[in-house]
Every structure is written in structure tokens, then in C-alpha cells.
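One-letter residues, chain by chain:
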Amino acid sequence: MNQIFLDTETIDFTSNTDYDILAQLAYVIPNTKEVYNTYAKPNNYLDITVGAQESNDLTTEFLEQQPIITNTLAYNRLKELTKDTNYFFVHNATFDLEVIKRTGINIDNFKIIDTMKLCRFINDKLELPWDSVRLTYLKYKLKLYKDREVLAKAFNIDLGAITSHDALSDCIDLILLWNYLSKNYSISLEQAVELCKQDLVLTFMPSGKNKGTRFVDLDYNTLKWNYENAYDSDVKYTCKKILGV
């Protein structure tokens with residue numbers, strides 16, 4: 001059994017697709033001290049939007065020099081790890097796993113622990129004033145940053161050599177977040193897996209123009225639109241419950 005802490009960075013294109021495309025894949029396996037971090041040149045390469053370059057500093061020129069993801073060691077090792085005995089930790093798993101699925105990896109056997117969903121459950125059910133469940137926010141809110149350097153050194157990762165918005169850097173924060181949650185709220189691996197299979201009723205809208213608004217205060221049209229169009233399954237489920245559909 002392995003615990004794999006995984007994150008991706010993606011780009012979007014100016015045309016021809018509605019989906020983000022994998023540009024960086026990183027994951028850490030603590031028990032074997034394996035660290036994988038690779039950038040990838042997307043298939044059918046197109047110009048990247050300026051907004052995508054601004055958010056993760058991955059330029060067209062840089063990605064053009066990278067290998068296709070299926071030709072990388074990180075990709076092929078990940079395929080080997082897709083067994084039902086392994087646990088995959090991802091923050092906002094719906095997004096990252098969909099991106100990985102598009103590369104051809106079968107995600108059906110993953111035991112998924114979505115730390116974002118765990119934080120939502122704890123935040124809403126216990127009414128903790130976390131304000132946000134973004135990984136970067138929690139790094140500071142829960143003071144996870146205090147242990148980043150020690151943990152990074154244990155895996156021979158030089159945090160000074162990578163940017164803050166980087167998949168490998170986020171993997172370190174992901175490990176620290178799980179350690180915090182499991183210790184402070186006594187969550188076991190199996191409990192976490194089962195919880196993450198559930199759709200949650202949220203108190204506050206987590207993103208978009210209505211971010212921070214209580215769902216019960218949203219008008220009918222906003223609730224209906226999010227129920228029909230939202231990418232976030234918890235948002236859709238919450239709107240469904242309020243609408244009574």
C-alpha cells in the first residue's frame with residue numbers, strides 16, 4: 001500500500017478546446033521517498049492564453065521543449081500505481097483527476113482522498129472559521145508553512161528552486177495538510193475515502209461572483225444555473241437540495 005500525494009498544473013488554449021490540458025505532473029510517495037516531477041508538451045500544441053501563462057508562469061516557448069507526457073517516467077510510474085491498494089491524495093480531486101484521465105490513465109481503481117472535500121466537511125460541519133479551503137490559503141491559515149522546509153529536505157526537494165504556484169511545491173503542502181487533518185480530527189484513511197465519495201451540502205458558495213454568499217440567500221435563477229452548469233459536484237448537490245429537484 002502506498003500513499004501518493006499528487007498535483008498538476010494546467011494550461012488552457014485560445015481555441016479548439018474547452019478543457020485545461022496537463023502541463024506539469026508531480027507526486028510524492030512518502031513511504032518509498034519517490035518524487036516525480038515533469039513538465040509536458042501538450043498534443044496538438046496551440047498558443048497558450050495569456051491568463052494561463054500569468055497564473056503558472058508556463059510559457060509557450062518552455063513547453064515546446066518538453067516531452068509528450070506519455071513519454072515521461074512520471075507518467076508511466078503513475079500508471080503502475082493505479083491499483084486499488086493505493087491511496088491518492090489530491091486537493092480538488094475532480095479537476096486534477098479529470099485532467100489526468102484525458103492523458104489515458106485509468107482512474108477507476110484510485111482510492112481517492114480529496115483534501116479539499118475533507119476541509120469542506122470539517123469547516124461546515126464543525127463551523128470552523130477557515131474562510132477558504134484553497135490549499136494555499138490553508139497553508140497559512142493552519143500554519144503548515146512552518147514545517148515545509150523540513151519535509152522538503154526529507155525528500156531532497158529544493159523549495160527555493162521552484163515557484164510558489166507549482167505542482168511539486170503543492171505536493172509538500174498536501175502532505176502537511178493531510179498530516180494536520182488526520183492528527184487533529186482523527187480521520188483514518190478508510191474514513192477519508194468514504195467521506196470523499198459523498199456529495200456535501202455546503203453553507204457558502206466557494207467560488208465565482210457569489211463567492212462567500214450563503215446558498216440559502218441565492219436567488220432562484222442563480223441556484224438553477226449552478227445546479228445545471230456548475231463543475232463542482234458539491235455546488236450542484238447543494239443547489240439541488242435547496243431547489244428540491
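Remember, it's a predicted structure, so these values are computed and weren't measured experimentally.

1. Here we look at the nonpolar core
Stage number 1. In terms of nonpolar packing, the biggest core is built from 45 residues, with Ile113 and Trp178 touching the most fellow members.
Stage number 2. Every element with two or more residues in this core is listed here: strand E2 (21–29), strand E4 (87–90), helix H5 (115–125), helix H6 (135–141), helix H7 (148–154), helix H8 (167–185), helix H9 (189–196) and helix H11 (233–243).
Stage number 3. With 10 residues, H8 is the largest single contributor of residues to this core.
Stage number 4. Ignoring any residue separated from it by four or fewer positions in sequence, one finds Trp178 in contact with Gln3, Phe5, Phe89, Ile113, Leu118, Ile187, Ser188, Leu189 and Ala192.
Stage number 5. In this structure, Ile4, Ile69, Ala93 and Ile107 belong to the second largest nonpolar core, which totals 23 residues.

2. A look at H8
Stage number 1. Along its 19 residues, H8 runs 26 Å from first to last C-alpha, staying within 8% of the 27 Å computed at 1.5 Å per residue.
Stage number 2. One or two residues past the end of H8 sits Ser186, with phi positive at roughly 50 degrees.

3. Details of the side chain of His91
Stage number 1. For His91, the position within the fold is in the loop between E4 and helix H4 (93–101).
Stage number 2. Judged by its relative accessible area of 10%, His91 falls in the buried class.
Stage number 3. Here Leu135 takes part through its backbone nitrogen, which lies 3.5 Å from a polar atom of the side chain of His91.
Stage number 4. Excluding its chain neighbours within four sequence positions, the residues that come into contact with His91 are Asp96, Asp114, Thr115, Met116, Val133, Arg134, Leu135, Leu138, Leu174 and Leu177.

4. What about the pattern of salt bridges?
Stage number 1. Counting across every chain of the model gives 11 salt bridges.
Stage number 2. As a salt-bridge pair, Arg77 and Glu80 come within 3.1 Å of each other at their nearest N and O atoms. With Arg77 and Glu80 both in helix H3 (residues 73–81) and three residues apart, the pair spans about one turn of that helix.
Stage number 3. In this structure, Lys117 engages Asp234 in a salt bridge whose closest nitrogen and oxygen atoms are separated by 2.7 Å. Taken as a pair, Lys117 in helix H5 and Asp234 in helix H11 lie far apart in primary sequence, 117 residues in all. Taken as a pair, Lys117 and Asp234 share a single burial class, namely buried.
Stage number 4. Salt bridges linked by common partners bring Lys117, Arg120, Asp232 and Asp234 together as one network.

Calculation notes
Residues numbered from 1 in each chain as written. Predicted model: local features only at pLDDT ≥ 70, side-chain atom pairs only at ≥ 80, totals over all residues. Heavy atoms only, no water. Core = buried A, V, L, I, M, F, W, Y, C linked by side-chain atoms within 4.5 Å. Buried < 20%, exposed > 50% of the residue type's maximum accessible area, 1.4 Å probe, protein only. Helix = DSSP H or I, 4+ residues; strand = E, 2+ residues; numbered from the N terminus. Contact = heavy atoms within 4.5 Å. Expected span 1.5 Å × (residues − 1). Polar contact = N/O pair within 3.5 Å; in protein donor to acceptor, adjacent residues only side chain to side chain. Salt bridge = Lys/Arg side-chain N within 4 Å of Asp/Glu carboxyl O.

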